[in-house]
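Commentary on secondary and tertiary structure
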Amino acid sequence: MFSLRGGGRWVAASLTRQHPLARFGSDSAAPRTPHFDVVVVGGGHAGTEAAAAAARCGSRTLLLTHRVDTIGQMSCNPSFGGIGKGHLMREVDALDGLCSRICDQSGVHYKVLNRRKGPAVWGLRAQIDRKLYKQNMQKEILNTPLLTVQEGAVEDLILTEPEPEHTGKCCVSGVVLEDGSKVFADSVILTAGTFLRGVIVIGLEMHPAGRLGDQPSIGLAQTLEKLGFVVGRLKTGTPPRIAKESINFSILNKQTPDNPSMPFSFINETVWIKPEDQLPCYLTHTNPRVDEIVLENLHLNSHVKETTRGPRYCPSIESKVLRFPNRPHQIWLEPEGLDSDLIYPQGLSVTLPAELQEKMITCIRGLEKARMIQPGYGVQYDYLDPRQITPSLETHLVQRLFFAGQINGTTGYEEAAAQGVIAGINASLRVRRKPPFVVSRTEGYIGVLIDDLTTLGTSEPYRMFTSRAEFRLSLRPDNADSRLTFRGYKEAGCVSQRRYERASWMKSSLEECISVLKSIEFSSSKWKKLVPEASISMGKTASLRALDVLKYEEVDMDLLAKAVPEPLKKYTQCRELAERLKIEATYESVLFYQQQEIKNIQQDEALQLPKDLDYLTLRDVSLSYEVREKLHFSRPQTIGAASRIPGVTPAAIVNLLRFVKTTQHRQAAMNELPKTDQCLCDTDRLEERQL
């Protein structure tokens, strides 16, 4: 047993100074000796989901965080969800994750984006009360069975010899804290966020920090680098905060919440707050004067001059002005909470000196008299090339070590939460020596996210969009439970009995009603009389099923049930069921063809590549050295994953496919050999007896 470096040192201002090794939580079964099944490092959005998931799976789990009072803190925007991101939240919820349920208890403005398009790409989104979210998340985490929370910063990893049946140079067996104390574990999950050698930037000033008010993690970053992990550098930013009473909202465009509000969680029928009690958002825009201030002061902004890559889809105002000159840019003024005096100007991320930020803000319509409470700032931090992890989020280099969240190059609360729940499940399964829980890109946006990271890598903060998924019509927000809840319950044990029973009821109800809708058939003329609102062509001679009528835009289950009360009326009593039936009818015809495409993809995914394959020395397959290097670095687990790696040619895939099939045939023949030998022995014995 060894650690990479000698004793540790303080890397964070931690409450453990007042409460050394303080532990919080209700788990009376926590071990007296510092040994846990799973240790999670970091209490952000990835860390909380990972810790809760591991505990739900039955593992004794320790969550290590700098400060308990920052668990559930929304460091940047006060919102969850959006296009693509809302899909991730629904899938996290389908696996019994936390963030969707907490958002349903903490939101102040709920809105579904992309309503003008089909329900497959709707984006559930909500403005969140920062204080409420933090309170509710801490309450959830501190009352999770089998989960202990401890304050402290991790300085180093405890490493042991590798397990011979798995790839990797060594195996993690615990962590070393800043005071030199050790905590042993069978699996470790790192969710360091922006803390790995994090630096905050305002103008030309740079300060070591993971976020405003928290010190960075230096020792852990050095440990990972010395282990041989490929480390990159990314940056992100946050806007200034503005005093609410100093804004002239009366001249701005007002956006009201949806009525009724759609909850994020499948187990909630409504959100905690009525639509009339929710807060509005307001829209304003930048103007040429803002562009002038940015362009005249670029020499005072080191964050923009750095070569570190920032987020493409949530860029700073400086990047927008440089990339799209002479164009107004949207600024959404978003509330930070019901009793908060702050407004978050979404779209105005900036790292200019504070006095120039104030000057720029007052040039914007509605903000002429605005008062800045906190300046915007940039954060630069280390991340690890995600091609160094498997689809289970375990690293190739170090066995039983998992990465989740921004450490893998992603940006956003939702992407972090999605990785966290998968890492937590797999860390627990690894302890129990069970097969990993892997979501493929044909099963969910979580699968798309992880597959993109592990096969393509990323050189800029990765953000989820619906356009990244090939099978959007199948991977909808409404059916995430039917795709993932049953797998989570049976394969991982991370789903509660209550959620499983609800998903089972919904599945059987959908199947039953769809069968009924298919059985009801009338002529087009009769349907036109029964449902005059539908634009049914009278020229159609073939009879129409009720399911076909439901496909019309003007028709929903309520309208159909009025036309045919018996037996359809009972299916309108549950709003979610009625809405899902409408969506299923809308996509019925196209889903058949998409399912065929998915089966073809799944055949490629079923062709497993040997985990211990040494691509650099492999002689039985014709591959260029460039392709060998790419395969060696990414270590894809299937032929399908190998085909998505940039630079791996179709010819290389054909050769690799031939090699895999030949290997499988050889293995099958070897497995049959003992049976043949046994058969021959039995025949010999029989002949001896007869003789």
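Structure report, in brief. (Residues numbered from 1 in each chain as written. Predicted model: local features only at pLDDT ≥ 70, side-chain atom pairs only at ≥ 80, totals over all residues. Heavy atoms only, no water.)

Remarks on the sheet that holds strand S19 (residues 342-346)
Filter applied, for reference: The pairing criterion is simple: DSSP has to find at least two bridges between the two strands. Only DSSP runs of H or I reaching four residues or more are called helices, and only runs of E reaching two or more are called strands; each is numbered from the N terminus. A fitted line through C-alpha atoms represents every axis, and for helices the fit uses only the stretch in contact; the resulting angles, taken between N-to-C directions, go from 0 to 180 degrees.
With respect to topology, six strands assemble into an open sheet ordered S16-S17-S18-S19-S15-S20, the strand pairing being antiparallel. At either margin of the open sheet sits one strand with a lone partner, and together these are strand S16 (253-255) and strand S20 (372-374). The average undirected angle you get between the axes of adjacent strands in this sheet is 35°. Sheet topology note: the strand S18 (residues 330-335)/S19 ladder contains four bridges and is antiparallel. Each bridged residue has a counterpart across the sheet, and for Pro335 the counterpart in S19 is Ile343.

So, the sheet that holds strand S6 (residues 107-113)
Sheet strands pair via backbone hydrogen bonds, and the direction of the pair is either parallel or antiparallel. The following threshold applies: Contacts: residue pairs with any heavy atoms within 4.5 Å of one another.
Strand order in this open sheet of three strands is S5-S7-S6, and the pairing throughout is antiparallel. With partners counted over all chains shown, the strands left at the sheet margins are strand S5 (79-81) and S6, one partner each. Between one strand and the next, the sheet's axes are offset by a mean angle of 15°, whatever the strand orientation. The strands touched by helix H2 (residues 85-94) are S5 and strand S7 (123-128); relative to S5, the strand with the most contacts, the crossing angle is about 80°.

Comments concerning the packing of aromatic side chains
Our working rule: Centres within 6.5 Å make a pair out of two Phe, Tyr or Trp rings, where for Trp the six-membered ring is used; the pair is then stacked when the planes are under 30 degrees apart, edge-to-face when over 60, and tilted otherwise. Only protein chains enter the accessibility calculation, which uses a 1.4 Å probe; a residue is then buried when its area is under 20% of its type maximum, exposed when over 50%, and partly exposed in between. In this analysis the charged atom, NZ for Lys or CZ for Arg, is taken to sit over a ring once it is within 6 Å of the ring centre and within 35 degrees of the ring normal.
Across all of its chains, the model carries eight aromatic pairs by this definition. Residues Phe80 and Tyr413 carry aromatic rings whose centres are separated by 5.2 Å and whose planes lie at 45° to one another, so their mutual orientation is tilted. Remark: Tyr413 occurs in helix H10 (residues 413-431) and Phe80 occurs in strand S5; sequence separation between them is 333 residues. Of the two residues, Phe80 and Tyr413, neither departs from the other in class, the shared state being buried. Judged by centre distance (3.8 Å) and plane angle (10°), the ring pair of Tyr489 and Tyr500 falls under stacked. Pair noted here: Tyr489 is in helix H12 (residues 480-492) and Tyr500 is in helix H13 (residues 497-519), with a separation of eleven residues, a long-range link. Taking the relative accessible area as the measure of exposure, Tyr500 reaches 18% and is therefore buried. Taken together, the aromatic side chains of Phe80, Tyr133 and Tyr413 make up a single cluster linked through ring pairs. Taking the ring centre of Phe437 as reference, the NZ or CZ of Arg487 above it sits at 4.4 Å.

Concerning the pattern of salt bridges
Which entries qualify depends on this criterion: Whenever a carboxyl oxygen of Asp or Glu lies within 4 Å of a side-chain nitrogen of Lys or Arg, that contact is scored as a salt bridge.
Tallying each qualifying case throughout the model produces 43 salt bridges. Here Glu140 ties to Arg101 by a salt bridge, and the two come within 3.4 Å at their closest N and O atoms. One end of the pair, Glu140, is in helix H4 (residues 130-142); the other, Arg101, is in helix H3 (residues 99-106), and 39 residues separate them in sequence. Since its relative accessible area comes to 25%, Glu140 is described here as partly exposed. The salt bridge partner of Arg487 is Glu491, with a shortest N-O separation of 2.9 Å.

Structural notes on the environment of Gln138
Defined as follows: Any pair of nitrogen or oxygen atoms within 3.5 Å is treated as a polar contact; in protein, a donor-acceptor pairing is required on top of that, and neighbouring residues in sequence qualify only through side-chain atoms on both sides.
Examined against the element boundaries, Gln138 turns out to sit in helix H4. Aside from chain neighbours lying at most four places away, what touches Gln138 is Val68, Asp69, Thr70 and Ile71. Here the side chain of Gln138 touches Ile71 through a polar contact of 3.1 Å, landing on its backbone oxygen.

What to know about the state of the cysteines
Note the following rule: Throughout, a disulfide means two cysteine sulfur atoms within 2.5 Å of one another.
Within the structure shown, the criterion is met by zero disulfides. The closest cysteine sulfur to the non-disulfide-bonded Cys281 is located on Cys103, 14 Å from its own sulfur. For the unlinked cysteine Cys574, the closest cysteine sulfur is that of Cys513, found at 11 Å.

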